[in-house]
Amino acid sequence: MSDEQAISAVVHLYVDGMAFANEGALRKAFHPDAAIIGNYKGALEWTTREGFIKTIVEAGAAPPGTQPEMDVQKIDITGDAATVRVVDSFAGERYSDHLSLVKIDGRWVIVNKVFHQHAS
């Protein structure tokens, strides 16, 4: 599998994990020390992987059969570092996510997520 394919698989894991409140998928996609940062409903949100997962799980899963929105707009890879811009939806809200990934022990993981919440 190429690096681009492996990164795309991590992004799919992340989006599916959000859509279906899949804690295991989110833990696999994000590094334990990852930071999630952005303005949510006008207030700065700066949280950890664990805080993010808790928020997702509390929001609940999309109904079975739902096709999560995911538009990967850009993947940029330099050696063992990468960035991805993906537009997705969660709980009826649309987001642009800027993901930073690092290849650790041969596996790509998200180490940072900076997001923009689009106006409703």
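As a starting point, this report considers the structure included with it. Note that the structure is a prediction, hence the values are computed from the model and not measured.

## A short note on the pattern of salt bridges
Counting across every chain of the model gives 7 salt bridges. Among the ionic pairs, R49 bridges to E50, the shortest N-O distance being 3.1 Å. Residue class for R49 comes out buried when judged on its relative accessible area of 10%. Two residues, K113 and D97, come together in a salt bridge whose shortest N-O distance is 3.9 Å. One end of the pair, K113, is in strand β6 (residues 107-117); the other, D97, is in strand β5 (residues 93-104), and 16 residues separate them in sequence. Side by side, K113 and D97 carry an identical accessibility label, which is buried.

## Let's talk about the sheet that holds strand β4 (residues 81-90)
Spatially, β2-β1-β6-β5-β4-β3 is the arrangement adopted by the 6 strands of the open sheet, whose pairing is mixed. The outermost strands of the open sheet, each flanked by one partner alone, are β2 (43-48) and β3 (70-78). In this sheet, neighbouring strand axes are inclined to one another by 15° on average, regardless of whether the strands run parallel or antiparallel. Taken together, the 10 bridges between β4 and β5 define a ladder with antiparallel strand orientation. Note that in β5 the partner of D88 across the bridge is Y95.

## Some thoughts on the layout of surface pockets
Here the largest pocket defines a volume of roughly 250 Å³. Along the wall of the largest pocket there are 15 residues; nearest its centre are Y40, E45, T55, F90 and Y95. A per-class count over the lining of the largest pocket returns 10 nonpolar, 1 polar and 4 charged. Roughly 160 Å³ of internal volume is contained in the second largest pocket. Every residue along the wall of the second largest pocket is listed here: A19, A59, G60, A62, T66, Q67, P68, E69, S89, F90 and A91. Partitioning the lining of the second largest pocket into residue classes produces 6 nonpolar, 4 polar and 1 charged.

## Some words on the environment of N39
Mapped onto the fold, N39 is located in strand β1 (residues 30-40). For N39, a relative accessible area of 47% gives the class partly exposed. On a C-alpha basis, the gap between N39 and F115 in space is 7.4 Å, while along the polypeptide they are 76 residues apart.

## Points about the pairing of β1
Of the pairings in the sheet, the one linking β1 to β6 comprises 6 bridges and is parallel in character. The partner of A35 across the bridge, within β6, is N112. Pairing of β1 with β2, which is carried by 6 bridges, proceeds in the antiparallel orientation. Directly across from G38, in β2, lies its bridge partner E45. In textbook terms, the turn of a hairpin is the stretch between consecutive antiparallel strands, and for β1 and β2 this stretch comprises 2 residues, one of which, K41, has a positive phi near 55°.

Calculation criteria
Residues numbered from 1 in each chain as written. Predicted model: local features only at pLDDT ≥ 70, side-chain atom pairs only at ≥ 80, totals over all residues. Heavy atoms only, no water. Salt bridge = Lys/Arg side-chain N within 4 Å of Asp/Glu carboxyl O. Buried < 20%, exposed > 50% of the residue type's maximum accessible area, 1.4 Å probe, protein only. Helix = DSSP H or I, 4+ residues; strand = E, 2+ residues; numbered from the N terminus. Pairing = 2+ DSSP bridges. Axes fitted to C-alpha atoms, helices over the stretch in contact; angles between N-to-C directions. 1 Å grid on protein atoms, 1.4 Å probe; cavity = no way out; pocket = protein on both sides within 12 Å on 5 of 7 lines; lining within 4 Å. Points joined across faces, edges and corners; volume = space filled by probe spheres on them. Nonpolar A, V, L, I, M, F, W, Y, C, P; charged D, E, K, R; others polar.

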